[in-house]
Every structure is written in structure tokens, then in C-alpha cells.
Amino acid sequence: MQPDGPYRFTHVLGTSQVGKAWAAIDGQGRLVTVAVLDGNVAATPAWREAFSATANALAQTQGGQTFVYADFGAAEPWVAYPAEAGPGAEKLFRALGVEYQPVPDEAGPPVSAPPQPVSGIPQQAGPSVSGVPQPVSGAPQVSGVPQPVSGAPQVSGPPHSVSGVPQASAPPYAPWAMHGGPVPVQPVSASPHPVSGAGAEASTVDPVLPDADRSSPDPFTAPVRRIKPSAPPPRRTGLWVGVAAAALAVAVAVGAIVWAVTGDEDPTVPQTLPTASGAFPSAPAINPGLKPWAQAAPYSPEERALAIAGPSLVFVEAVFTGTLREAKSNVPLSVTPVTFKRRCSGFVVNPDGHIVTNGQCVRPAVDAARERALYTLGRILIEQKKLTTPQLDAYVRSKLNSTVFTGAEPGTEPTSQVFGQFNVARGDLTASPAIPGQVVRVLEPDAGNLALVKLTQAGLPAVELADGGVPAPGAALLVLGYRTTDADFRAATYTVESKPAQIAGTANQGSISVSRLNDDVGIYSAGGVALDTAGRVVGVLDTDRAASGGANRALVPVSAVTGLLGAGGTTSSRADTDRVYREGLDAFFAGRNDDAIASFDRVAQASPVNLLAQAYRQNAVDRARLAGESDGAPRLLWASLAGLGGLLLVGLVVLVVVLRRRPRY
């Protein structure tokens, strides 16, 4: 009996204990060899699995046998191999580890075309069965002896049914055999055996084209799955890993070459950026108090003006000590001397240490000093529980016209001291970094209310005075002075603040015509400056007597400053350090980082009090570093593009090789 499947089976090529190898023709007339597993053996799942696993293993093994179609789910599983590839079916059975008996080639019909049926009983070339097979005792046996065509040998049929499962002479060569023991199969005799039961007859039908099959439907129209896709070819993982590694190596090499070549294209880009020397504090430690880049638009004329004048601003603190006495009896109101302080702003006018500040700050009028001393004594009495806070103002008014403020002895002047601080200042500080000073000359409130003070430290950064002209109404200026946000003014921290302002008009304060501003920066800004966009002083801040609250919105003209300096025997001037500092600022705002860094280095060494020089030096270093990183970006881009180009080139070569090696049909 021929197996089921999408083929015309022509003759048997060989047999084994578990199945047969057939020669067959597919629907396109191509010759194939088909390995068919016996149905009884296929009933054992282990054998069915071994059959399919071995076929797949051979197909995926280098030098193995690839099948064209297969049906491992059929009642009799089969695998078809192309005839031109050799005895594929035979290889499969031998790989299963069973004995395979080939049928002699000379006895079989040619495989070029199906054999023609013959009439009558075909003659046997070998041993034959005469008559009807006789029954025998024991289990029923199937002889399966088909009658051969003329000249064809008699072959055995499917394996005989025996008790238990079929036994193979050796365990099948399949992956599942590594996990389980061999399936016992009893060897099947190759000789025909009679079957038990009456009416059983030996077959007299042609095994190739039996008469019964002539009337059956065409096997190619049978509703069975005919085409089984072959197993995919083995993946060449190692090959592709090697290709990927080669592509990556090429990309890296090309990128590195481009990086090295482009690294020397621009000789103007510094290879190493200057770093801060050990003499300079790190960026977080540099706190000049005034930060022009944060108080004005970056790189604007306003920032540059603040940077020029900022280092010259001085926090001024004047300390007065004396005794409050009854005016008629000279009896002290307190056995303890009274000390009060006044705080304001100022600016350096020459490198000798001369500063200009508010006159009433360093040398207040007699009535103002007595009033301030009474308020100080009243707060002491409050702390001693001898006076309450609501009673303070009444106490001062009751004593103001009946007391005098003198020195330690009646008729002497109270003692006074003046201290100056740069950058960030702190109240109640008389030690370093506070710099002691001495009042040289003072202008009365109606004459300009200015004071000239000589600090004991020279080499200080000086500001430049304008030509003496009065700013016109509506002119835009920058006001600059010290202020604090601390609630306790006695030990508060003071920093330089700036604010844009405009000339709102003019007024007379005594004999001086002052300009009036539309804004100010607080009560401690008296003695501060107003700047033009070139960073020059165009006026000094003073209290506007016509404004409510005593805001510092009056602008004393530069001419009053010039007159004060002349009366004090000095002039406005700047040192070489100031010139170098401005050159550094010019270079910084022009984008010449190296020149700016070099200039600021010189300033920082010669004038350590100028912390803005150190701050701008750090800004130049940071900007140069950013510029260097930005200049390096095109190099990185070119290197990346070059590496990508190398990668694409390798991919193109691989694609060409793969297309050339693809089989053509």
C-alpha cells in the first residue's frame, strides 16, 4: 500500500524496522526520495518526535541533508528530499540508528517515469508466496507481501505488529535521546508471514499502480497538506558579528583620523586654557558685593560703567564718642560715655587713598550730633528698664534744648573716628579689613555737604570724574551706593547696589544748585555717585531737602567735588593699575579673553582690594573655556560624520558581497 501524500510513489528504495524509503514524483515532475515512518511506530510519541527532530537536525547541520517538504503530523509522517541531492531518505533512517536494507537498483523500474501495469499475476524474481497464506498461532501478523512487477523483487511490507512498542536495533540519533532512554522496538523479519483468520489472501495487485488505485482520485487533489516549508538556513551569527566589529573599527579609526587632522586647523584656539593661580580665590569665594553682570544687561554699556566705577565705592562708618550733660550745670546724664555711629557711602578719587563722602556723615552738625546721642542714650535706658519704647521720642524732645554733647571734659569736642571698607562691608567693624581714615576737609550742608577723607591705605582703585557739566533734565544715569536689607542695622552687612535713574529737575540747596533724581538706593547711599554710560562720576548723592522722608535724590555737581579737592590740596587722578584694569575691561567686553585675563592678573596682584578684577578674570576664564568647547563642537561633528561615512562604506561592501553570493534560480 502506498503512503498518503502529495506524490506519485513509484517504488520502494529500501526498508528499515521503523519505515521505508520511497522513490516518488511531485506535481511538477521532479524526482524526490521520501522517508515514511510506519504508522504503528509513529503511534509512539517518542519515535514521532525522534523522526522530526532528526530530520530538522540534518537540515540544519553543515554538510547535512535539507528536505524540500515534510509532514510530521500525518498518520505516517514523511520527509521528502530532492533526488539530485542523494539518498536523503536513507540518510535519515541511518541517522535514526536503525538498520536500513536498500532494495537492489537493478530490480526496480527506472525512476524517470512510472511503471506500466501488467495483466495477470506478476512473476516473482525472488522467493514468493504460493497460494493463500496459512494462519499461525499467536499474535496476528501482517505479511504485507506485495506482488512485484516483472523482474521486481519481492519486498517486505510494514513492520509486523508485536507485543509492546517497536524495537530499534540501536537508540535513535536525535536530541531527545539525551534526556530519555531508548524506546524498545522488536526487530521485524524481512520474510513474509501468513496472517491468522479465514479469508485472508495474498495480494495479487501491482504494488506500483494497483487496479484499485486507478479509479481513485488524483493524489495531487487530495485534501492533505502537500507543501511543507523547508527549515530556514543556518544563521551565520559569527559572520555578522565579525562584520559589525569590522564596521565599528573602521568608523572609530576614520573618526580618530579626522579628529587628529582637524585639531590643528585653527591655531588661534588655545590648546590649554589659563587657570586660576594659587594667589587667586576660586570663583565661589570671590564676592565683590557689586555684580555688574547681574544688575545690568550683560555686555551692555551699563554693565561696563558699573564695572569701571564699582571697585572705587567705599562703605564709610564714622564713630562718635562723648558725654551728654545738662547745659547749665554740666552734670552728665549718664556716667557712661555715649557712642553713636553714622554710615554712608563714598568713592576713591586718587590712588593716594583720598575719598569723597557725605559731610554730615563724618562730621554732623552740633544739633544733629546731640539729637543722635540722646536717642542712643534713650535706647540704653530702655534696656535698663528705666524707659519704655513709647516714651523714647518724648524723652529726646524734652532733653534736646537743655543738654550739650561734649568730650570727656566740659567744653571739649567729642572724639570721632572714620573707617572705610570695600566690596562687602559689615557694621561695627573697626579692625581689618576696615581701613582707618582722617577727615581732611568738610563742606557745609549749604555749600555741597561733602567731605574729603584720607584713608591710611594707598594704591586703591580710583574713579574718573566727568568734565564738570550738569546733566540735562531727562538724562539717564546710574546711581550707585551702599545699602542693607538686614533688620538690625548695628551689625548689618552692606553691599553696593545700583539703580537706573533720570534727572527730574533742578533745585537750590543753599548756594549749590543740585539736580533732582527720580529714584534712589536707600538711606546709606548718601555720598554715593551717579554715573554716565562711560563710568564717570557726574554727581554725588545727597539728601533732597524738598523730598519727604529725606531720600537721597539730590545730585551735587562734580564742580563741588573739584573745589573740595582743591581746598584739600589734592586732585583727582588714577594709577597705572586703574589704567590696566580698564584695558582688561575693554578686552573683556571686546571678547579678547586672553588679553583680559592677563590684564586682570596684573590688577589683582597690584590692588588686592579690587575684587571685581578677580571676578571678571574668572568670567573671562569661564568664557574662554566655553568658547573652546564650542570650537571643539565642529571637530566632533566632522569626526562623527567621517565615522558614519566609513560605517556606510563598510555596509555597502557587505551588501554587494551578500547579493553576489545569493543563489540564482
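Residues numbered from 1 in each chain as written. Predicted model: local features only at pLDDT ≥ 70, side-chain atom pairs only at ≥ 80, totals over all residues. Heavy atoms only, no water.

**Details of the state of the cysteines**
Here a disulfide denotes a covalent bond joining the sulfur atom of one cysteine to the sulfur atom of another. Following the criterion strictly, the structure yields one disulfide and no others. The partner cysteine of Cys 344 in its disulfide is Cys 361, sulfur to sulfur 2.1 Å. Around the S-S axis, the bridge from Cys 344 to Cys 361 shows a dihedral of about -90 degrees and counts as left-handed. With Cys 344 in strand S8 (residues 338-348) and Cys 361 in helix H8 (residues 359-362), this pair connects stretches of sequence that are 17 residues apart. Residue class for Cys 361 comes out buried when judged on its relative accessible area of 3%. (Disulfide = S-S within 2.5 Å. Helix = DSSP H or I, 4+ residues; strand = E, 2+ residues; numbered from the N terminus. Buried < 20%, exposed > 50% of the residue type's maximum accessible area, 1.4 Å probe, protein only.)

**Points about the confidence of the model for the protein chain**
Mean pLDDT over the protein chain: 77, with 68% of residues reaching 70 or higher. A low-confidence stretch, residues 106-227 (pLDDT under 50), is modelled with 195 contacts involving residues beyond four sequence positions or located in other chains. (pLDDT = per-residue confidence, 0-100. Contact = heavy atoms within 4.5 Å.)

**Section: the nonpolar core**
Phe 347, Val 356, Leu 450, Leu 480, Leu 531, Tyr 581 and Phe 600 are the most contacted members of the largest nonpolar core, which has 52 residues in total. Not counting the four nearest positions on each side in its chain, Phe 600 is found in contact with Tyr 581, Gly 584, Leu 585, Phe 588, Ala 613, Tyr 616 and Arg 617. Counting 33 residues, the second largest nonpolar core, distinct from the first, contains Val 314, Leu 324, Ile 355 and Cys 361. (Core = buried A, V, L, I, M, F, W, Y, C linked by side-chain atoms within 4.5 Å.)

**Thoughts on the packing of aromatic side chains**
Per the counting criterion, the structure on display carries 20 aromatic pairs. Ring pairs connect the aromatic residues Trp 293, Tyr 299, Tyr 581, Phe 588, Phe 589, Phe 600 and Tyr 616, which therefore count as one cluster. Stacked on the ring of Phe 588, the Lys or Arg Arg 623 has its end atom at 4.1 Å from the ring centre. (Phe/Tyr/Trp six-rings, centres within 6.5 Å; stacked < 30°, edge-to-face > 60°. Lys NZ or Arg CZ within 6 Å of the ring centre and 35° of its normal.)

**A word on the packing of helix H2 (residues 45-60) against helix H3 (residues 88-95)**
Two elements in contact, H2 and H3, have axes whose closest approach is 10 Å; the angle formed by their N-to-C orientations is 120 degrees. Here H2 is positioned oblique relative to H3, judged by the angle of their axes. As H2 packs across H3, the resulting crossing turns out to be right-handed. Here Phe 51, Thr 54, Ala 55 and Leu 58 of H2 come into contact with H3, specifically with Lys 91, Leu 92 and Ala 95. Looking at the contact of H2 with H3, its residues break down into five nonpolar, one polar and one charged. (Axes fitted to C-alpha atoms, helices over the stretch in contact; angles between N-to-C directions. Parallel < 35°, antiparallel > 145°, perpendicular 65-115°, else oblique. Left-handed = near helix turned anticlockwise from the far one by under 90°. Nonpolar A, V, L, I, M, F, W, Y, C, P; charged D, E, K, R; others polar.)

**Section: the packing of helix H12 (residues 576-589) against helix H13 (residues 593-606)**
Each pair of packed helices can be described by the angle between their axes along with the distance between the axes. Two numbers describe how H12 lies on H13: the axes approach to 8 Å, and their chain directions differ by 155 degrees. Of the possible angle classes, the one that applies to H12 and H13 is roughly antiparallel. Where H12 crosses over H13, the handedness of that crossing is left-handed. Here Thr 577, Val 580, Tyr 581, Glu 583, Gly 584, Leu 585, Ala 587 and Phe 588 of H12 come into contact with H13, specifically with Asp 595, Ala 596, Ser 599, Phe 600, Arg 602, Val 603 and Ala 606.

**Comments concerning the pattern of salt bridges**
Within this structure, the stated rule accounts for 17 salt bridges. The salt bridge partner of Asp 428 is Lys 341, with a shortest N-O separation of 2.5 Å. Taken together, the positions of Asp 428 in the loop between strand S12 (425-426) and strand S13 (435-442) and Lys 341 in strand S8 put the pair 87 residues apart, joining distant regions of the chain. For Asp 428, a relative accessible area of 33% corresponds to the partly exposed category. Taking the shortest distance from any N to any O, the salt bridge between Asp 532 and Arg 536 comes out at 3.0 Å. Its relative accessible area of 14% is what places Asp 532 among the buried residues. A residue is classified by how much of its surface remains accessible, and Arg 536, at 31% relative accessible area, is partly exposed. The network of salt bridges with shared partners includes Glu 317, Lys 341, Arg 343 and Asp 428. (Salt bridge = Lys/Arg side-chain N within 4 Å of Asp/Glu carboxyl O.)

**Looking at the sheet that holds strand S2 (residues 19-25)**
Read across the open sheet, the six strands follow the order S4-S5-S3-S2-S1-S6; overall the sheet is antiparallel. Strands with a single pairing partner mark the edges of an open sheet, and in this sheet they are strand S4 (69-71) and strand S6 (100-102). Each neighbouring strand pair of the sheet contributes to a mean axis angle of 25 degrees, computed without reference to strand direction. (Pairing = 2+ DSSP bridges.)

**Section: the environment of Ser 16**
Here Ser 16 shows up in strand S1 (residues 8-16). For the pair Ser 16 and Leu 37, spaced 21 residues apart in sequence, the C-alpha separation works out to 9.5 Å.

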